[in-house]
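Structural overview
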4 protein chains.
Amino acid sequence: MKPRVLVNGLGTIGKRVAHAVLLQDDMKLVGVATLRPNFVVANVMSKHGPLSNVDLYASDPSYISAFENAGFKVKGTLTELLENGKVDVVIDCTPGGVGEQNKQQIYEKYKVNVIFEGGEKARVAEMTFNSFVNFEQAKGKRYIRVPSCNTTSLIRTLHALDERFGIESVFAALVRRAEDPHNPSEGPINATVPDAHVPSHHGPDVKTVMPNLNIVTMAVKVPVTLAHVHMLSVKLKQPVEKKDVIQAFEETPRIALFRIGDGYTSTAEVIEFFRDILRPRYDMYEVVVWEDLLNVEGNNVYWSHMVHQEAIVIPENIDCVRAMFGITDKWTSIKKTDKSLGMIK
Amino acid sequence: MKPRVLVNGLGTIGKRVAHAVLLQDDMKLVGVATLRPNFVVANVMSKHGPLSNVDLYASDPSYISAFENAGFKVKGTLTELLENGKVDVVIDCTPGGVGEQNKQQIYEKYKVNVIFEGGEKARVAEMTFNSFVNFEQAKGKRYIRVPSCNTTSLIRTLHALDERFGIESVFAALVRRAEDPHNPSEGPINATVPDAHVPSHHGPDVKTVMPNLNIVTMAVKVPVTLAHVHMLSVKLKQPVEKKDVIQAFEETPRIALFRIGDGYTSTAEVIEFFRDILRPRYDMYEVVVWEDLLNVEGNNVYWSHMVHQEAIVIPENIDCVRAMFGITDKWTSIKKTDKSLGMIK
Amino acid sequence: MKPRVLVNGLGTIGKRVAHAVLLQDDMKLVGVATLRPNFVVANVMSKHGPLSNVDLYASDPSYISAFENAGFKVKGTLTELLENGKVDVVIDCTPGGVGEQNKQQIYEKYKVNVIFEGGEKARVAEMTFNSFVNFEQAKGKRYIRVPSCNTTSLIRTLHALDERFGIESVFAALVRRAEDPHNPSEGPINATVPDAHVPSHHGPDVKTVMPNLNIVTMAVKVPVTLAHVHMLSVKLKQPVEKKDVIQAFEETPRIALFRIGDGYTSTAEVIEFFRDILRPRYDMYEVVVWEDLLNVEGNNVYWSHMVHQEAIVIPENIDCVRAMFGITDKWTSIKKTDKSLGMIK
Amino acid sequence: MKPRVLVNGLGTIGKRVAHAVLLQDDMKLVGVATLRPNFVVANVMSKHGPLSNVDLYASDPSYISAFENAGFKVKGTLTELLENGKVDVVIDCTPGGVGEQNKQQIYEKYKVNVIFEGGEKARVAEMTFNSFVNFEQAKGKRYIRVPSCNTTSLIRTLHALDERFGIESVFAALVRRAEDPHNPSEGPINATVPDAHVPSHHGPDVKTVMPNLNIVTMAVKVPVTLAHVHMLSVKLKQPVEKKDVIQAFEETPRIALFRIGDGYTSTAEVIEFFRDILRPRYDMYEVVVWEDLLNVEGNNVYWSHMVHQEAIVIPENIDCVRAMFGITDKWTSIKKTDKSLGMIK
């Protein structure tokens, strides 16, 4: 039987996860819940939007009239739906910290399975999940967390090397986009803003999935909206050649190689590729490594990769549903997910 | 018989026009020609791209080997194709000024019909075309020009008012995007750059379609890539009420009304709408007027509208093919085009 | 006797006004008051800063310990100072709206003269002041308001034409900087944000000084920090020639003419001029008109000017002190102020 | 006798070096030479500019009339000046690569001493200079190179640690400003652009001064104009404590410590400090380390520092004149230079 999925929260991640669930043939989207009406909800639920036929639930009953005044048809409330046993798993895409509140106030009461996002602390769940690292351990877990965009990109690329060559240590410098493209209120405009924590939280977050990895990260925020860029210095446990690293990345799904020499000189041209191939919302689920910037010196590997903060975690969320319920094995899930999302590899 | 269309030039406009022609049932894309391989051509012609099954022609034979070295299959050259009478109309989307050279060196020789874009001077063609203003006059013309993005947006909104109320005079202040999103080399980064000509060329360009309009325009360039924004002060020949102007815009295809009050507070949220409804490349063919910013005082109307420079001229190009060959009447063409492109009105 | 001036509020305007008062020989800065310690206060009061020898007062006694913990020496409180009759005029540079509260809660009680800034509503004062328009009427007033940056720039340029030629009507499109350079938290990053009011408040604000002017303004906010740029369409009561307008601007202090043709192609190069001549903080007190962009057609004049939002109102604040106390006549004050600030004209 | 200095090239660096030479009492600015008139030359040579009384020489005689047409008085040509033995040292601040041409075509012929900038390859000179590392070796050299901004910042901070604790290895990720503030033509606008070389050239450039240092650098370019920011991961030869590193930086001139916790949360507020203390052109000669972001784990030190690309190399250029001619010892020169420039330490 197909697991019945409810997506709670229709922000940047929630609206994408809901759409991705709709594209799967082995799970069912029973609805989406959200707090209050806004332009994003209006967009995706409109007759032109991908969720036009999906039932909408109010996560807080006191906003039902606000939805109705804004022209939305509300099918019911989140708690009614859970009370009636209509949901096997909630994918909680609410803002950071709200998921933990929801767990305490709602999810535990109704004994529903939950997938949390990376905005939640790791303690909210029994495990933090990545398709490539710990798919099999997810089966039967009630609460699982899928880490955030930067962490996911690091896990994908580092795991590909760690399982082949062993990693001694990692230093990653993150150049973060300041805000998603749809939000004009956040800055900076002409400044570089160092992350107030050194090391940044990204290193420890990677360790929630790869606990033995020796990793330190630092971050700055810059005035761009398209994507994060990481610069990595990785020391392996053995010397390798450049072609070995390239091959490791080529063999790994969800890592795409682009070349400066082919004209992809910045995040802008890479995003243009995804616009040009008509990828919906130009969502780049892949982490992109600039192949011709990769450099190897003995045990040391250096590269830059690019992370589309809006989209990269979507495939791992879909896999996580399958892993939690033991629907397929790891590689079957990865392939199904990637095909459904039109990934290029 | 369906007109056979060749698109010459695969830049921002050419790649979109070619894709739009593919979506029509009453014209046929015989191929695309371009000068040399680059990442944009690679994107759209790739197996993932919308032009993957379209024949590629070299506009300059000396670049054939460059195409082949880059992995492209070249079907032939532009001039061979024209010589063999395989093309009824070329849509010339080459960089500004090249179209006129092509006319003198190629198109006149092969007596092919041509649609030029707004980067060319008006003198290149027998008329400058807009679907709403002079569709009927295009029939039988050999050379027609479709004006550029800013001009098209002004014609659409101003014509809607002029035909209903009469326009006495127009002043438009244009706040231009500095460069398209895919090009990271152009600035400015933290500056506002006035157009070096006052009045700017946009006013005279509108007059190539609406010759009796009394219009003056000024422009600045700012560090954004998404869209142009215009601020207009229009004096009508008679007093109107706000609802009359709203109605005029509502009744006109390709003008879409959005509201600040609904959360579309900037160009960013409007673009997000088109991403959220999965519009390919988020192309906004519509000119967007902020409805709740529109203000009327007696004869004077003030509003702001938003122009997606990459996409707004595409529907007019498609209409122009039909108009040139007298395939359908004006409103049939407008409706067919708009339906094929998934427009929201 | 020299009027004793207290500056209340040490933000973008307050810190500059305080410094400018220090540079005058016919008024005395008795101190600066501010709410709480922050990095700007630390900068200007530091041993390197221009206010290092100025007494600091707490505008709210409850923050005295916060100041002391942050290493500041507090001389006393604002109300003590006023109570002791040590101040003839407060220049209130607190955030918008706070000035009116201060008036009700403090200034009225101590019967002190006050100059308010443009962030306050016009009703806070007996008049809104501009050095060129109504200097003489300020004498003996207790509460005067100096309007904000955009308004000041419009008054300077428009008054110069109105007094010479008469103005029939004005339309101004404002392209506003989004935030001052020192604030990295405000956006937008890649968007153009229309002002939510059409017409914008700037037109009515100009009328607080030039009540008979027929003016409509619109505005957008763009991702720059350096300066505002205005595009103006002005209809005069008589036809003029370009040289007449140029001459009017040349004859008026605090209007500076720059030329695109000389390399000042944007706000960036104009600001670089003020850096290159070592103007403190590159403060551009002048409104800059691009001379070679100015265009005249019969009665109609079109131009663009540039407004340094951080600095343009400073000279009018200084003049206002002299006007309020009748220290000098208008032109003597303008010349003294401009010389003290190193203005280029 | 004071060395007679000529500055050749009046760009971002040249105009600052010339001004800095004027501020010294033990060297003499005999003039500035530049290729052709532009707005920067006009700014600094104007009656308001810091070089208003300095003689101007044409570096290419064929532009003399261009200078005169632009209203400049040209005292003579560069080669005349050299031929007449009027110059002891040229500080060549011409664009990258031109210095080497000048050496071959001019400087070798006239046997003049030359200081080159970091835009030149290291081979142009007998040594690459840094005040702290190799001041004493400069005496008697004819050709010396002062490295560029990023390199200078790395040398200052790394040398401070290397001489105290020994450095095992360095990885530095550079987040570069895209263009100086006065140039509105360069992008990117909304993109992050990886440096096309991994490792970047900055590591090898540091080695021209610190040849035994084991250093790898990577870089991206982002849409800011104010400053570069570096993120460093440094492995020392011994474990240290955070206070040791802080002390090392505190004891070193031209390294300034700022704190996020004091409100300096980004490059913007740090630059505002230099505006607020009236530093001419807000030139930040110091490399700024964020003290509260510095982190130490055993042998490993992590920090971020900020580099004002327009100004940081100026003090080293001044020191280099003294070092070359043996005018003072190292620390005397550093102190004189820093005092003359109003440095905060």
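As shown above, the structure is provided for reference.
Now for a quick tour of the structure. If you're wondering where the values come from, they're calculated on a predicted model, not measured in any experiment. (Residues numbered from 1 in each chain as written. Chains lettered and ligands numbered in written order. Predicted model: local features only at pLDDT ≥ 70, side-chain atom pairs only at ≥ 80, totals over all residues. Heavy atoms only, no water.)

1. Focus on the overall build of chain A
Here is the rule we go by: We count a stretch as a helix when DSSP gives it H or I for four or more residues in a row; a strand needs E for two or more, and each element gets its number in order from the N terminus. Throughout, the radius of gyration refers to the C-alpha atoms, and the reference size of a globule is 2.2 Å times the residue count to the power 0.38. Only protein chains enter the calculation, and the probe is 1.4 Å; a residue is then buried if its accessible area is under 20% of its type maximum, exposed if over 50%, and partly exposed in between. For the accessible areas, the method is Shrake-Rupley and the probe is 1.4 Å, while residue cover comes only from the protein chains on display.
In terms of helices and strands, chain A carries twelve helices and 16 strands. The globule rule puts the C-alpha radius of gyration for 345 residues at 20 Å, and the 20 Å found for chain A is close to it. Over its C-alpha atoms, taken along the principal directions, chain A stretches across nearly 60 × 45 × 40 Å. Among the 345 residues that make up chain A, the fraction classed as buried is 66%. Taken as a whole, chain A presents about 11,700 Å² of accessible surface, with 46% of it coming from carbon and sulfur.

2. Observations concerning the interface of chain D and chain A
Put simply, the rule is: We call two residues in contact when some of their heavy atoms are within 4.5 Å. Buried area is understood as the total, over both parts, of accessible area removed when two parts are fitted together, assessed with a 1.4 Å probe. In the sections that follow, a salt bridge refers to a side-chain nitrogen of Lys or Arg positioned within 4 Å of a carboxyl oxygen of Asp or Glu.
In this complex, chain D contributes 40 residues to the contact, which on the side of chain A involves 40 residues. Regarding the contact of chain D and chain A, the summed buried area is about 3,100 Å², with carbon and sulfur atoms giving 72% of it. Of all residues in chain D, the largest losses of buried area upon contact with chain A belong to Asn190(D), Thr192(D) and Met231(D), amounting jointly to 19% of the total for that side. The interface formed by chain D and chain A contains zero salt bridges.

3. Things to note about the interface of chain A and chain B
For the record, the criterion: Think of a polar contact as two N or O atoms within 3.5 Å of one another; within protein, one of them needs to be a possible hydrogen donor and the other a possible acceptor, and neighboring residues in sequence only count if both atoms come from side chains. Gly falls in the polar group here, along with every residue not listed as nonpolar (Ala, Val, Leu, Ile, Met, Phe, Trp, Tyr, Cys, Pro) or charged (Asp, Glu, Lys, Arg).
If you look at the interface, chain A gives 37 residues, while chain B gives 37 residues. In this assembly, chain A and chain B are joined by six salt bridges. Across the salt bridge formed by Asp276(B) and Lys15(A), the nearest N and O atoms sit 2.7 Å from each other. Across the chain A-chain B interface, the total number found is twelve residue pairs in polar contact (both at pLDDT 80 or more). Among the secondary structure elements, those contributing two or more residues to the side of chain A that touches chain B are α1 (12–22), α2 (39–45) and α10 (267–276) of chain A. Per-element accounting of the side of chain A that touches chain B gives the leading share, six residues, to α10(A). Residue composition of the side of chain A that touches chain B, grouped by class: 16 nonpolar, eleven polar and ten charged.

4. As for the relation of the copies chain D and chain A
Going by this rule: All copies are superposed by least squares; the fitting set is the C-alpha atoms of residues with a pLDDT of at least 70 in both.
Its rotation angle being 180 degrees, the transformation that places chain D on chain A also includes 0.0 Å of axial translation and leaves an RMSD of 0.0 Å. Taken together, the rotation angle and the small translation identify this as a two-fold axis.

5. Points about the relation of the copies chain A and chain B
Once chain A has been moved 0.0 Å along the axis and rotated by 180 degrees, it coincides with chain B to within an RMSD of 0.0 Å. A symmetric contact is evident, with 100% of the interface residues of chain A recurring at the interface of chain B.

6. Side note on the sheet that holds strand β1 (residues 4–8) of chain A
All names here are of chain A. Going by this rule: At least two bridges found by DSSP between two strands is the condition for calling them paired. In this description, a line fitted to the C-alpha atoms serves as the axis of each element, helices being fitted only across the stretch in contact, and the angle between N-to-C directions of two axes falls anywhere from 0 to 180 degrees.
An order of β4-β3-β2-β1-β5-β6-β8-β7 is seen for the eight strands of this open sheet, with the pairing classed as parallel. A strand with exactly one partner marks an edge of an open sheet, and here the two such strands are β4 (76–77) and β7 (127–128). Where helix α11 (residues 314–325) meets the sheet, its contacts fall on β1, β5 (89–92), β6 (113–116) and β8 (143–145), and the angle it forms with β6 comes to roughly 150 degrees.

7. Brief notes about the packing of helix α7 (residues 149–165) of chain D against helix α9 (residues 242–251) of chain D
Residues and elements named next belong to chain D. Operational definition: Here is the rule for angles: anything less than 35 degrees is roughly parallel, anything more than 145 is roughly antiparallel, 65 through 115 is roughly perpendicular, and the remaining ranges are oblique. Crossing handedness is defined as follows: a turn of the near helix away from the far one that is anticlockwise and smaller than a right angle gives a left-handed crossing, while the clockwise case is right-handed.
In contact at an axis separation of 9 Å, α7 and α9 are set at 120 degrees when each is read in the N-to-C sense. If you check the angle between α7 and α9, you find them oblique. Here the hand of the crossing between α7 and α9 comes out right-handed. On α9, the residues that touch Thr157, Ala160, Leu161, Arg164 and Phe165 of α7 are Asp244, Val245, Ala248, Phe249 and Glu251.

8. Considering the pattern of salt bridges
As enumerated under the stated definition, the model contains 100 salt bridges over all chains in all. Residue Glu272(A) pairs with Arg275(A) through a salt bridge whose shortest N-O separation is 3.2 Å. Pair noted here: Glu272(A) and Arg275(A) are both in helix α10, with a separation of three residues, about one helical turn. Exposure class is identical for Glu272(A) and Arg275(A). Each is buried. A salt bridge links Arg254(C) to Asp319(C), with the nearest nitrogen and oxygen atoms 2.8 Å apart. Here Asp319(C) lies in helix α11 (residues 314–325) and Arg254(C) lies in the loop between α9 (242–251) and β13 (255–258), a separation of 65 residues in the sequence. An identical accessibility class is assigned to Arg254(C) and Asp319(C); each is buried. Three or more residues are tied together by salt bridges with common partners; here these are Lys15(A), Arg16(A), Arg281(A), Asp283(A), Glu310(A), Glu272(B), Arg275(B) and Asp276(B).

9. Focus: the side chain of Asp338(D)
All names here are of chain D. Of note, Asp338 is situated in helix α12 (residues 330–340). Owing to a relative accessible area of 6%, Asp338 belongs among the buried residues under this scheme. Within the local environment of Asp338, its side chain forms a polar contact with the side chain of Arg254, the two groups lying 2.8 Å apart. Other than its neighbours up to four places away in sequence, Asp338 contacts Pro253, Arg254, Pro315 and Met343.

10. Describing the side chain of Ser266(D)
Inspection of the secondary structure assignment puts Ser266(D) in the loop between β13 (255–258) and α10 (267–276). A polar atom in the side chain of Ser266(D) sits 3.0 Å from the backbone nitrogen of Ala268(D). Every residue in contact with Ser266(D), bar those within four places of it in the chain, is listed here: Ala191(A), Thr192(A), Val193(A), Pro194(A), Pro184(C) and Trp290(D).

11. Comments concerning the sheet that holds strand β6 (residues 113–116) of chain C
Residue and element names in this part refer to chain C. Pairing in this open sheet of eight strands is parallel, and the strands run β4-β3-β2-β1-β5-β6-β8-β7 from one edge to the other. The sheet is open, and its two edges are formed by β4 (76–77) and β7 (127–128), each paired on a single side. Direction of pairing for strand β1 (residues 4–8) relative to strand β5 (residues 89–92): parallel, over a ladder of four bridges. Following the sheet pairing, Asn8 is matched in β5 by Asp92. Along the sheet face, α11 touches β1, β5, β6 and β8 (143–145) and points at about 150 degrees away from the line of β6.

12. As for helix α12 (residues 330–340) of chain A
Residue and element names in this part refer to chain A. Inclusion rule: Here the arc refers to the set of directions running from the helix axis out to each C-beta atom.
Within the span of α12, buried status applies to Lys330, Ser333, Ile334, Thr337 and Asp338. One face of α12 carries all of its buried residues, which in axial projection span an arc of 120 degrees. In this structure, α12 carries Lys335 and Lys339 as exposed residues pointing more than 90 degrees from its buried face. Buried residues in α12 make contact with α6 (131–134) and α11. Gly342 sits one or two positions beyond α12 and adopts a positive phi of about 70 degrees.

13. A look at the packing of aromatic side chains
The line we're drawing: Only the six-membered ring of Trp is used, alongside the rings of Phe and Tyr, when aromatic pairs are assigned; centres must lie within 6.5 Å, and planes under 30 degrees apart are stacked while those over 60 apart are edge-to-face, with the rest tilted. Ring-over charges, as used throughout, are those where CZ of Arg or NZ of Lys falls within 6 Å of the ring centre and within 35 degrees of the ring normal.
Counted under the stated rule, the structure contains 55 aromatic pairs over all chains. A centroid spacing of 6.2 Å and a plane angle of 40 degrees characterise the contact between Phe258(C) and Phe274(C), whose relative ring orientation is tilted. Residue Phe258(C) is located in strand β13, and its partner Phe274(C) is located in helix α10 (residues 267–276); the two are separated by 16 residues in the primary sequence. Assigned by exposure class, Phe258(C) and Phe274(C) land together as buried. An aromatic cluster of three or more residues is present, and its members are Phe39(A), Phe258(B), Tyr264(B), Phe273(B) and Phe274(B). Here the basic side chain of Arg275(A) rests over the ring of Tyr282(B), its NZ or CZ set 3.9 Å away from the ring centre.

14. Observations regarding α9(D)
All names here are of chain D. Listed in full, the buried residues belonging to α9 are Val245, Ile246, Ala248 and Phe249. Buried positions in α9, seen along its axis, are confined to an arc of 160 degrees and lie on one side of it. Summarising the contacts, the buried residues of α9 are in contact with α7, β13, β14 (287–290), β15 (295–297) and β16 (300–307).

15. Considerations on the pairing of strand β2 (residues 28–34) of chain A
All names here are of chain A. This is how it is decided: If you view a crossover with the strands going away from you and the path from the first strand over the helix to the second runs clockwise, you call it right-handed.
The buried count for β2 comes to six of seven residues, which makes it a mostly enclosed element. Direction of pairing for β1 relative to β2: parallel, over a ladder of five bridges. Of the residues in β2, the one forming a bridge with Asn8 is Ala33. On the question of chirality, the crossover connecting β1 to the parallel β2 by way of α1 is right-handed.

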